[in-house]
Each structure stands twice: as C-alpha cells, then as structure tokens.
Amino acid sequence: MGIESRPVTLRVIADQLGLDVSTVSRVLNGSDGDGRRAASGTTARRVRDLAEELGYRRDPAAVSLRTRRSNLIGVVFARLSEIVVATIYEGIEEEAARHGFAAFVTNTQDDPVRQRERIAMVLGRRVDGLIIGDAHLDGAALADPALRGTPHVLVNRRTDGGLPAVTCDDYRGGRLVAEHFLRLGHRRVGCVAGESFASTGTDRTAGFVDRYAEAGLPVPPELVRHCAFDTAGGREAATALLTADGRPTALFAVNDLAAIGVLGAARDLGRHPGRDLALAGFNDTPVAAELPVALTTVRSPMAEQGRVAVRELLRRIGGAPARSRRLAPELVERASSGTAVGPSLLRSS
C-alpha cells in the first residue's frame, strides 16, 4: 500500500521558503492589494511559484471561517442569455476574481415574484455582497428586509428610490441619437421604447424625446411604442409605427435586439434603412456592425459597468458610503441612419 502524500498547506510552503505563515496566507488567499502589502514582488512570486509547483489549492471554507467572509458575490440578472447581460457579467466575474472573490449568477426572467425568490436564495448562500441587474423602476422586489443587512449595488438599471446603481448614462445616450437625427434633418421621428418598468428603456426614451422637444419638435405620444427588449418586440412596435398615418422618417430602438426587429419589419414593408428610413439602436453589441445594413447605435460600456459595480460593492463591503456611477455613452454612426434627409423622404412622411 502506498504512502499518502503530505497535504500541501500554507505551513508547508512557509517552512520551505523560511517565511511566516501569515505572509504566505495573505499572498495566496488575500486580494491583489493584500498580496502586494504582504510581501515584495520577488517574495510574492516565490510564494506563488512554489504553491503552483506543489499543487497548493486554496480552501474556501477555511478562509471563510478565519475571515468570517465567504468571498462570494451573488449576481441577479433577468436573462444571462442576452449578450448585454452576459458581457456585463464577464466584467463582474473578471473584477471579482482580481480582488479574490468568486461570483455566481441566477436568472429571474424579469418576474418580480422570481426576483424575490432568487434574492432570498442568494442571501442564503451567505454572500458578502449582491449585484442586482434586473431592478424595476419601482424597486418593489428589493424591499426585502433581509437585503438591507447585505451590501448591494444595482448594475445596468436604476430605481426611482435612489439605490446605488452603476449604469450607462442612458438619458445622455438617447439625446445623442436625437442630436444625430436632428443633424440629418429628421423632423418626424418615432421610438421603439422597450419595457416601461426598466430604467434602460425609460431613460433612453426620455433623453431622445426631451431633446426633440427642446428643438421645438415634440414627439407625438403615438410615435413612442413600448415593447419587449427583443427582436419580436422590436418588429411588432416598428410595424405599428411604420404603418401609421404620418409615419416617421427615423426610428430609435432602445436596444440593438429591438433594432434588429425593426430591420425585419422595414424589410417586410418595403422600407430600406439608410435610404428611406433612418434607424439607430443602443449598446453596440458585436452583431451591430455585421448586419446587412450596419447599425448606427450608442456604444454603452457594458463590461466596464460590471467591473465598476464590483468596485463599488467592495467599497460598501468595506464600510464606505453608497454611491451611484453613470458611465459615458458614445454614438457610433453607421449605414442604417443614412445621410441628410432629401425632399422625397420628407414628402413620404
């Protein structure tokens, strides 16, 4: 019978390197900042190299008992299958790992009942903090008293109650689209506005509508259509807008998926984006530039939202006051918005 190999512990590594166990622990089990403070760069490299050579594996349970922390961040999203959400989560996971934390995610399908259930489940895992990416404007699902005792921040969406949130400056993004359409000469415009319960849709729409009102060209309420944040919703809303009397010459869809639905509706109705219909989306997802008619869109810092949300959450875990962050959007002009409006397009409206 073979002799079992000696387990690789912090003590084994410390003894071989002639270091204190606490120094080795901070290098291997702390955040990047802890490791830098614990030892010089050369010493930290020696610790990590020997740990890798010996096959050392961190014991999360032991660390949790010692620090009274789980080093876990729970994340709640509506649907991880959506490219915007998945990209934000990549930023969360990357930044969490950089600070010695692990993240896990659960989906709610944007259903308030399921939101409460999933939040309770995540809190039951003894997370150190929570990042919530499916908040509704009314914030009703976030009223659980248990949540008040756990540091948390919102990401991508905000609430009217002023909970700390890391978002794109969605209002500014909507204004950027309006300014682009105004420069091109579009006077009658419409908006595929997304879900009314989500700040992403309402803030982007408000920025767009407010800028047109400032230009003396208020957008009629019937030309603002709320819909699901997907291609089917975008197609349905655009079909209604493009078959109405006094149809718009330009449409702003508040996310790229809805904008793709608009492209489908325009094709079926014989409209040609970039020629007799200007179209803009929001987010600048990877597919936007690769569509048959490349999509003008607002680039939102998706992964950066995730990274900043983790940093803000860690501030709260460390006892710092809550704060919200709005990250700058950028308009990306492509073929779908075309060029300046000509007389024939004005007559067709």
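About the cut-offs
Residues numbered from 1 in each chain as written. Predicted model: local features only at pLDDT ≥ 70, side-chain atom pairs only at ≥ 80, totals over all residues. Heavy atoms only, no water. Helix = DSSP H or I, 4+ residues; strand = E, 2+ residues; numbered from the N terminus. Areas by Shrake-Rupley, 256 points an atom, 1.4 Å probe, with all protein chains shown as cover. Pairing = 2+ DSSP bridges. Axes fitted to C-alpha atoms, helices over the stretch in contact; angles between N-to-C directions. Contact = heavy atoms within 4.5 Å. Polar contact = N/O pair within 3.5 Å; in protein donor to acceptor, adjacent residues only side chain to side chain. Core = buried A, V, L, I, M, F, W, Y, C linked by side-chain atoms within 4.5 Å. Buried < 20%, exposed > 50% of the residue type's maximum accessible area, 1.4 Å probe, protein only. Left-handed = near helix turned anticlockwise from the far one by under 90°. Nonpolar A, V, L, I, M, F, W, Y, C, P; charged D, E, K, R; others polar. Parallel < 35°, antiparallel > 145°, perpendicular 65-115°, else oblique. Expected span 1.5 Å × (residues − 1). Disulfide = S-S within 2.5 Å. Right-handed = clockwise from strand over helix to strand, strands pointing away.

(A) Structural context of the overall build of the protein chain. A count of helical and extended segments in the protein chain gives 14 helices and 12 strands. Looking at the protein chain as shown, the accessible area adds up to about 16,200 Å², and 50% of this sits on carbon and sulfur atoms.

(B) Quick peek at the sheet that holds strand β3 (residues 129-132). Spatial strand order, β2-β1-β3-β4-β5-β11: 6 strands in an open sheet with parallel pairing. One side of each edge strand has no neighbouring strand; the edge strands of this open sheet are β2 (102-107) and β11 (325-327). For this sheet, the mean inter-axis angle between neighbouring strands, taken without regard to orientation, is 20°. Bridging between β3 and strand β4 (residues 152-155) involves 3 bridges; their strand directions are parallel. Across the sheet, residue leucine 130 finds its bridge partner in β4, namely histidine 152. The strands touched by helix α13 (residues 302-317) within the sheet are β1 (72-77), β3, β4, β5 (165-168) and β11, with β4 carrying the most contacts at an inclination of about 165°.

(C) Focus on the environment of arginine 157. Relative to the elements of secondary structure, arginine 157 occurs in the loop between β4 and β5. In this structure the C-alpha to C-alpha distance between arginine 157 and alanine 135, which are 22 residues apart in sequence, comes to 6.0 Å. Engagement of the side chain of arginine 157 in a polar contact is seen with the side chain of aspartate 110, the distance being 2.8 Å. A distance of 3.4 Å separates the side chain of arginine 157 from the backbone oxygen of alanine 135, its partner in a polar contact.

(D) Highlighting the nonpolar core. Val177, Phe181, Val192, Phe208, Tyr212, Leu251 and Phe252 are the most contacted members of the largest nonpolar core, which totals 42 residues. Elements with a minimum of two residues in this core: α9 (170-184), β6 (189-194), α10 (199-214), α11 (231-242), β8 (250-253), α12 (256-268) and β9 (278-283). Counting residues in hydrophobic clusters, the runner-up holds 23 residues, among them Phe77, Val85, Phe101 and Ala309.

(E) Main features of the packing of helix α1 (residues 10-17) against helix α2 (residues 21-29). α2 packs onto α1 with a crossing angle of 115° between their chain directions and a minimal axis gap of 9 Å. Remark: the crossing between α1 and α2 carries right-handed chirality. Residue-level inspection shows Leu10, Arg11, Ile13 and Ala14 of α1 in contact with α2, the latter providing Val21, Val24, Ser25, Leu28 and Asn29. Taken together, the residues of the contact of α1 with α2 break down into 6 nonpolar, 2 polar and 1 charged.

(F) Local environment of the pairing of β5. Relative to β5, β4 runs parallel, the two sharing 2 bridges. Considered in β5, the bridge of valine 155 is made with valine 166. Relative to β11, β5 is paired through 3 bridges, and the arrangement is parallel. When the sheet's bridge partners are listed, threonine 167 is paired in β11 with arginine 326.

(G) Region of the structure containing the packing of α11 against α12. Put simply, α11 and α12 touch, their axes get as near as 6 Å, and they point 45° apart. Here α11 lies oblique to α12, going by the angle between them. Crossing of α11 against α12: the hand is right-handed. Where α11 abuts α12, its residues Thr231, Gly234, Arg235, Ala238, Thr239 and Leu242 lie against Leu257, Ala258, Ile260, Gly261, Val262, Gly264, Ala265, Ala266, Arg267 and Asp268. Tallied by class, the residues present in the contact of α11 with α12 amount to 8 nonpolar, 5 polar and 3 charged.

(H) Summary view of the environment of valine 47. Along the chain, valine 47 falls in helix α4 (residues 41-54). Once residues lying within four places of it in the same chain are set aside, the contact partners of valine 47 are Ile13, Leu17, Leu19, Val24, Val27 and Leu28.

(I) Structural context of α9. Taking 1.5 Å as the rise per residue, α9 with 15 residues should run 21 Å; its terminal C-alpha atoms sit 22 Å apart, in good agreement. Within α9 the residues assigned to the buried category are Asp170, Gly173, Gly174, Arg175, Leu176, Val177, Ala178, His180, Phe181 and Leu184. Of the residues trailing α9, glycine 185 is marked for its positive phi of about 95°.

(J) Structural context of the state of the cysteines. Tallied over the entire structure, the rule returns 0 disulfides. This cysteine, cysteine 191, is not joined by any disulfide, and cysteine 227 carries the nearest cysteine sulfur, 8.8 Å off. Assessed through its relative accessible area of 0%, cysteine 191 is described here as buried.

(K) Summary view of the pairing of β6. In terms of burial, β6 is largely enclosed, as 6 of its 6 residues are buried. Pairing of β6 with β8 involves 4 bridges; the strand directions are parallel. Bridging across to β8, valine 189 finds its partner in alanine 250. Two elements, β6 and strand β7 (residues 224-226), share 3 bridges in a ladder whose sense is parallel. Within the sheet, the bridge partner assigned to glycine 194 lies in β7 and is histidine 226. Read as a crossover between parallel neighbours, the route from β6 over α10 to β7 is right-handed.

Any link to function would need more than the numbers given here.
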